[in-house]
Amino acid sequence: MGLFGDDFYSTKVSRRAEPEQKGKLQIIRPGGGKRARDRWSNPRRSRSEFSSTVKVAVISSVISSIVTVTLFSFISQPATQLPLANAAGQGGGTAQTAQVADPYDRIINAAAEVRPSVVSIVNHKTGSSLSMEDSALGSGVIFKKEDGKAYIMTNHHVVEGASDLEIVTVDGETHKAKLVGKDRVSDIAVLSTDDKGLGAAAEIGDSSKLQRGQTVLAIGNPLGLGGTLTSGIVSYTDRILPVSINQDGVYDWEQNVIQTDAAINEGNSGGALVDLNGKVVGINTMKISDTGVEGLGFAIPINEVMKTVDSLLLNGKVYRPYLGVYTVDLSNPYAPLDDDQRKDLKLPSHVDSGVVVLEASGPASEAGMKLNDVITEFDGQKITSTLDLRKFLYDKKKIGDSIEVSFYRDGKAEKVSVKLTDKPE
């Protein structure tokens, strides 16, 4: 197939092409048909006609040579120098030059740059032996080296329940690690270790500039296979997923994530999602694993991660306002209240949503709230679920603020003012 999408390209303009049979091979001559051949075979043609024909043939040959040389010169340019037609904007502009590079080279270079910064994390859980068989595995990313220490970010669920933590480099070196801080809500944790023998800190990118269809790489420790690289695209840049913070099956928070079809498996959690510039744009955190499901992996955007990381480095925790209630949704479809339970609450018939207090402590207890109070409003805004409750507190309040809580107790509407504090250790 030729450059221009046809089997043959000619600079001459053909009036008509007719086949001649030569055995079984059909020959098509570009630039001439029956009339051209008849003209050459006419014995009565004048000398002037012959001379004119020769002139036309010579001129056509010269034009063909010029066009051929031009085309060859165009085609033989390096791929990175192909001229692009300029799309004139309001102010016009000059011709641009395409910067085309082999995408596989970019993948190789990006992986080589970030891979030494990605480590495996071994979580020796409380009560287990120190053998690998009794440990949980995950991944982490070195993001900072300072004063002889290296700092690694990972997921909260990777280090949860740990009695001892170790990191393993891509070269197989093992280092003891300490927990700097962790945050269950954002699912982010920070570790520290001696920086001797560790790779350079990864370069942090800007997740707000990601685009759907952009190539990304996932680097981590799936199933204990450290240093594994997979590639894919950004399937969605700003996906909102409901999550259960307490892992009790009740969705009580929403996680903002990057969706990707790069393969993410058990052990990839805490590893790096990387763009083709070799910059970390996300921390791999979860995947959807079910029959008939493929290519649904998720990473926490690095811009969100770094806010939590900065707080953990400074304070060892993330400070959020604390009300002090453990609740269950009144209208939770996954754990609905039965008729007897609803009857015990003595709710008016028009109250069909809210959150039921199962335990009150801290500020809520001090304000007089107790078991089976049904919260329906915060500061006059309707609260229909634990998710609503948590989002209102974290998004609209801060430590030290007061909040007006409207609730039902034994069928009667009541209100109480609660001063929010920091959650105790």
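Here, every reference points to the structure presented above.
Note that the coordinates shown come from a computational prediction; the quantities given were computed from them, not determined experimentally. (Residues numbered from 1 in each chain as written. Predicted model: local features only at pLDDT ≥ 70, side-chain atom pairs only at ≥ 80, totals over all residues. Heavy atoms only, no water.)

1. Some details on the overall build of the protein
(1) Moving on: Looking only at helices and strands, the protein has eight helices and 25 strands in total.
(2) Moving on: With 425 residues in all, the protein has 37% of them scored as buried.
(3) Moving on: Residue pairs in contact within the protein that sit at least 24 positions apart in sequence constitute 58% of those at least 6 positions apart.
(4) Moving on: Counting only carbon and sulfur atoms, one obtains 51% of the accessible surface of the protein, whose full area is about 24,800 Å². (Helix = DSSP H or I, 4+ residues; strand = E, 2+ residues; numbered from the N terminus. Buried < 20%, exposed > 50% of the residue type's maximum accessible area, 1.4 Å probe, protein only. Contact = heavy atoms within 4.5 Å. Areas by Shrake-Rupley, 256 points an atom, 1.4 Å probe, with all protein chains shown as cover.)

2. A word on the pattern of salt bridges
(1) Moving on: Going through the model one piece at a time under the given rule, you end up with 13 salt bridges.
(2) Moving on: Measuring nitrogen to oxygen at the nearest pair gives 3.8 Å for the salt bridge that ties Glu166 to Lys176. Highlighted residues: Glu166 in strand S8 (residues 162–168) and Lys176 in strand S9 (residues 174–183), separated in sequence by ten residues.
(3) Moving on: Each of Glu254, Lys391 and Asp395 takes part in a single network of salt bridges with overlapping partners. (Salt bridge = Lys/Arg side-chain N within 4 Å of Asp/Glu carboxyl O.)

3. Considering the environment of Pro321
(1) Moving on: Within the fold, Pro321 resides in strand S18 (residues 321–322).
(2) Moving on: In sequence terms Pro321 and Lys396 are 75 residues apart; their C-alpha atoms lie 9.7 Å from each other.
(3) Moving on: Sequence-distant contacts of Pro321, defined by excluding residues within four places in its chain, comprise Leu393, Tyr394, Lys397, Lys398, Ile399, Leu420 and Thr421.

4. Re the sheet that holds strand S10 (residues 188–194)
(1) Moving on: Here six strands make up a closed barrel; going around it, the order is S5-S6-S7-S10-S9-S8 and the pairing antiparallel. The average angle at which neighbouring strand axes cross in this sheet is 40 degrees, direction not considered.
(2) Moving on: In the packing of helix H5 (residues 302–315) onto the sheet, contacts are made with strand S6 (136–146), strand S7 (149–154), S9 and S10, and the angle to S10 comes to roughly 60 degrees. (Pairing = 2+ DSSP bridges. Axes fitted to C-alpha atoms, helices over the stretch in contact; angles between N-to-C directions.)

5. Quick look at the packing of aromatic side chains
(1) Moving on: All chains considered together, the criterion is met by two aromatic pairs.
(2) Moving on: Over the aromatic face of Trp253 sits the side chain of Lys391, whose NZ or CZ is 5.8 Å from the ring centroid. (Phe/Tyr/Trp six-rings, centres within 6.5 Å; stacked < 30°, edge-to-face > 60°. Lys NZ or Arg CZ within 6 Å of the ring centre and 35° of its normal.)

6. Some points on unusual backbone geometry
(1) Moving on: A positive phi angle is found at Lys346, which is not glycine, with a value near 55 degrees.
(2) Moving on: Counting through the fold element by element, Lys346 comes out in the loop between helix H6 (339–345) and strand S20 (355–360).
(3) Moving on: Given a relative accessible area of 52%, Lys346 falls into the exposed group.
(4) Moving on: Positive phi values are uncommon outside glycine, yet Asp379 reaches one of about 50 degrees.
(5) Moving on: By secondary structure assignment, the location of Asp379 is in the loop between strand S21 (374–378) and strand S22 (381–382).

7. Regarding the nonpolar core
(1) Moving on: Formed by 26 residues in total, the largest nonpolar core has its most connected members in Met153, Val280, Val305 and Val309.
(2) Moving on: In terms of residues, this core owes the most to one element, H5, which gives five residues.
(3) Moving on: In this structure, this core is formed jointly by two domains, domain 1 (113–194) and domain 2 (207–315), each of which donates at least three residues.
(4) Moving on: Residues within four places of Val280 in sequence aside, it is in contact with Val114, Val141, Ala202, Glu203, Ile204, Gly205, Ala272, Leu273, Val274 and Ile302.
(5) Moving on: Core analysis: the second largest hydrophobic core is formed by 18 residues, Val325, Leu389, Leu393 and Val416 among them. (Core = buried A, V, L, I, M, F, W, Y, C linked by side-chain atoms within 4.5 Å. Domains from an automatic or database assignment.)

8. A short note on the side chain of Asp373
(1) Moving on: In this structure, Asp373 sits in the loop between helix H7 (362–366) and S21.
(2) Moving on: Since its relative accessible area comes to 0%, Asp373 is described here as buried.
(3) Moving on: With residues near it in sequence (within four places) discarded, Asp373 still touches Val355, Val356, Val357, Phe407, Tyr408 and Arg409.

9. Here's the deal with the environment of Ile283
(1) Moving on: Secondary-structure assignment places Ile283 in strand S16 (residues 279–287).
(2) Moving on: With ten residues separating them in the primary sequence, Ile283 and Leu273 have C-alpha atoms 5.8 Å apart.
(3) Moving on: Residues contacting Ile283, with those up to four places away along its chain left out, are Val141, Met153, Asn155, Gly270, Gly271, Ala299, Ile300, Ile302 and Val305.

10. Here we look at a nonpolar patch on the surface
(1) Moving on: A grouping of Tyr326, Leu358 and Leu371 is seen on the molecular surface, where their side chains present a nonpolar patch of about 290 Å² in accessible area.
(2) Moving on: With respect to the helices and strands, Tyr326 occurs in strand S19 (residues 325–329). (Patch = residues over 30% accessible without salt bridge, like charges linked within 9 Å, V, L, I, M, F, W, Y side chains within 5 Å.)

11. With respect to the side chain of Gln259
(1) Moving on: As for its placement among the helices and strands, Gln259 is situated in strand S14 (residues 253–260).
(2) Moving on: Polar side-chain contacts of Gln259 include one of 2.9 Å to the side chain of Arg239. (Polar contact = N/O pair within 3.5 Å; in protein donor to acceptor, adjacent residues only side chain to side chain.)

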